[in-house]
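Observations on the three-dimensional arrangement
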Amino acid sequence: MVLGTYKEVVTARSTDKQIQKIAQDGGIVSALFCYALDEKIIDGAVVAGPGEDFWKPEPKVAMSSDEILAAAGTKYTFSPNVWMLKQAVRQYGLEKVGTVAIPCQTMGIRKMQSYPFGVRFLADKIALLTGIFCMENFPYESLKTFISEKAGVSPELVEKMDIGKGKFFIHTADDVIALPLKETHGYEQNGCKVCLDYVAELADVSTGSVGSPDGWSTVLTRTGTGETIFKAAVDAGVIETKPVNEGKFGLEMLTKLATQKKEKAMKVIDEKKAMGLPIPYKASSEKEDPLANI
Ligand SMILES: Cc1cc2nc3c(=O)[nH]c(=O)nc-3n(C[C@H](O)[C@H](O)[C@H](O)COP(=O)(O)OP(=O)(O)OC[C@H]3O[C@@H](n4cnc5c(N)ncnc54)[C@H](O)[C@@H]3O)c2cc1C
Ligand code: SF4
């Protein structure tokens, strides 16, 4: 199960034209949180909001659709959303919290829920955990290098960044600069080299761009909660779906990338193990199926 356990996988997008315009892909994260807020399934969501520096995200507790939408779009550096969860409950008084997380953060949240030492007040208040796919992440300094030095663009002019087709794209109002990924190679966060999860296997709902056409997202519903909320949003007309393409540019591509990520990380883990260095627990190529759920 290279893609983790899931109930259904579809291609989907928000039906809201404004969300379509500002979202990274199909706007699934924003559409789901706005719907869940309207329906009182959550009373707020921790998102990666804009920070003081351009493209440096800051975790925010969003309690209105406007605040959700202000955080739309991918920032290719860390947003410590998990750190904000405690404040969402303690300072904002939320009882039903939504949050968006990259796979490593999703793992942290599930671990916190399974072993809630010192966070019992929070563990059962996570009402919707939306996971986003992640191949790698970059320190903010790396991002600044890509934008200012490699692309020669002022960060405040950047409107969007995305990765696809072997390139890191930097969009401004009137230009798109494509850096081949070999230019960004070596700038990744070191810890990502031992990461075995591409598709946020432990989320309620996972989503990403790979496997679907531009402007659409691939969505995997995983838990009962995720399935119920996603289906309700589709029934309400907030999200539209079509069958995921099983072929070369669909599920096959997603499976291929998830497998490559796991195999590459497993190799690094094995090397570390041979050197007596610490490794992520439970990860071992000696397991019967090393690519199974971690
Ligand atoms: C570091 C990184 C690497 C990624 N790599 C891949 C990949 O290899 N393949 C792939 O298919 N997809 C990848 N994605 C996911 C993809 O870029 C989109 O985030 C995803 O498809 C959701 O798009 P959307 O239109 O549904 O979301 P939107 O409606 O645009 O909302 C995006 C949500 O993500 C949150 N967010 C933005 N940046 C971060 C961050 N750094 N950390 C946590 N939350 C954040 C925002 O707060 C917002 O709520 C990556 C995302 C990140 C952050
Ligand atoms: S590659 Fe893994 S460790 Fe790195 S940011 Fe993405 S989910 Fe986290």
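Cut-offs and rules
- Residues numbered from 1 in each chain as written.
- Chains lettered and ligands numbered in written order.
- Predicted model: local features only at pLDDT ≥ 70, side-chain atom pairs only at ≥ 80, totals over all residues.
- Heavy atoms only, no water.
- Near = heavy atom within 4 Å.
- Nonpolar A, V, L, I, M, F, W, Y, C, P; charged D, E, K, R; others polar.
- Pairing = 2+ DSSP bridges.
- Helix = DSSP H or I, 4+ residues; strand = E, 2+ residues; numbered from the N terminus.
- Axes fitted to C-alpha atoms, helices over the stretch in contact; angles between N-to-C directions.
- Polar contact = N/O pair within 3.5 Å; in protein donor to acceptor, adjacent residues only side chain to side chain.
- Areas by Shrake-Rupley, 256 points an atom, 1.4 Å probe, with all protein chains shown as cover.
- Contact = heavy atoms within 4.5 Å.
- Core = buried A, V, L, I, M, F, W, Y, C linked by side-chain atoms within 4.5 Å.
- Buried < 20%, exposed > 50% of the residue type's maximum accessible area, 1.4 Å probe, protein only.

A few words now on the site of ligand 2. Taken together, F78, I102, P103, C104, C134, M135, E136, N137, C192, C195 and K261 are the residues near ligand 2. Across the shell around ligand 2, the residue classes tally to eight nonpolar, one polar and two charged.

To continue, consider the sheet that holds strand 8 (residues 176–180). The strand order 6-7-8 describes an open sheet built from three strands, whose pairing is antiparallel. The sheet terminates laterally at strand 6 (160–164) and strand 8, the two strands that pair on one side only. Pairs of neighbouring strands in the sheet enclose a mean axial angle of 20 degrees, with direction left out of account. For strand 6 and strand 7 (residues 167–171), the ladder comprises five bridges, and the chain directions are antiparallel. Opposite D162, over in strand 7, you have F169 as the bridge partner.

D25, S30, A48, T74 and S209 are the nearest of the 32 residues found near ligand 1. Separating an oxygen atom of ligand 1 from a backbone N or O atom of G73 is a distance of 2.9 Å. Interatomic distance of 2.8 Å between a backbone N/O atom of F133 and a nitrogen atom of ligand 1. Considered on its own, ligand 1 offers 920 Å² of accessible surface; in the complex 97% of this is hidden by protein. Secondary structure elements with two or more residues in the shell around ligand 1: helix 2 (28–38) and strand 2 (44–49). In terms of residue count, helix 2 provides more of the shell around ligand 1 than any other element does, three residues in total. Considering only residue class, the shell around ligand 1 consists of 16 nonpolar, 13 polar and three charged.

What follows concerns the sheet that holds strand 10 (residues 217–221). Taken together, the eight strands give an open sheet; going across it, the order is 3-2-4-5-9-10-1-11, and neighbouring strands pair in mixed fashion. Edge positions in the sheet fall to strand 3 (58–62) and strand 11 (239–243), since each of these pairs with one other strand and no more. Neighbouring strand axes in the sheet, compared pairwise and without regard to direction, differ in orientation by 30 degrees on average. Relative to strand 5 (residues 126–132), strand 4 (residues 97–101) runs parallel, the two sharing five bridges. Among the inter-strand pairings, A101 is bridged to a residue of strand 5, identified as G131. Together, strand 1 (8–14), strand 5, strand 9 (205–208), strand 10 and strand 11 form the strand contacts of helix 9 (residues 224–235), whose direction differs from that of strand 11 by roughly 105 degrees.

Moving on, we come to the nonpolar core. Of all hydrophobic cores here, the largest spans 29 residues; its most connected members are L32, F33, I42 and I239. For this core, the element with the highest residue contribution is helix 2, accounting for nine residues. Not counting chain neighbours up to four residues away, the residues in contact with F33 comprise I42, A45, V47, I68, G98, T99, V100, L128 and T130. Counting 19 residues, the second largest nonpolar core, distinct from the first, contains L85, M112, L122 and A203.

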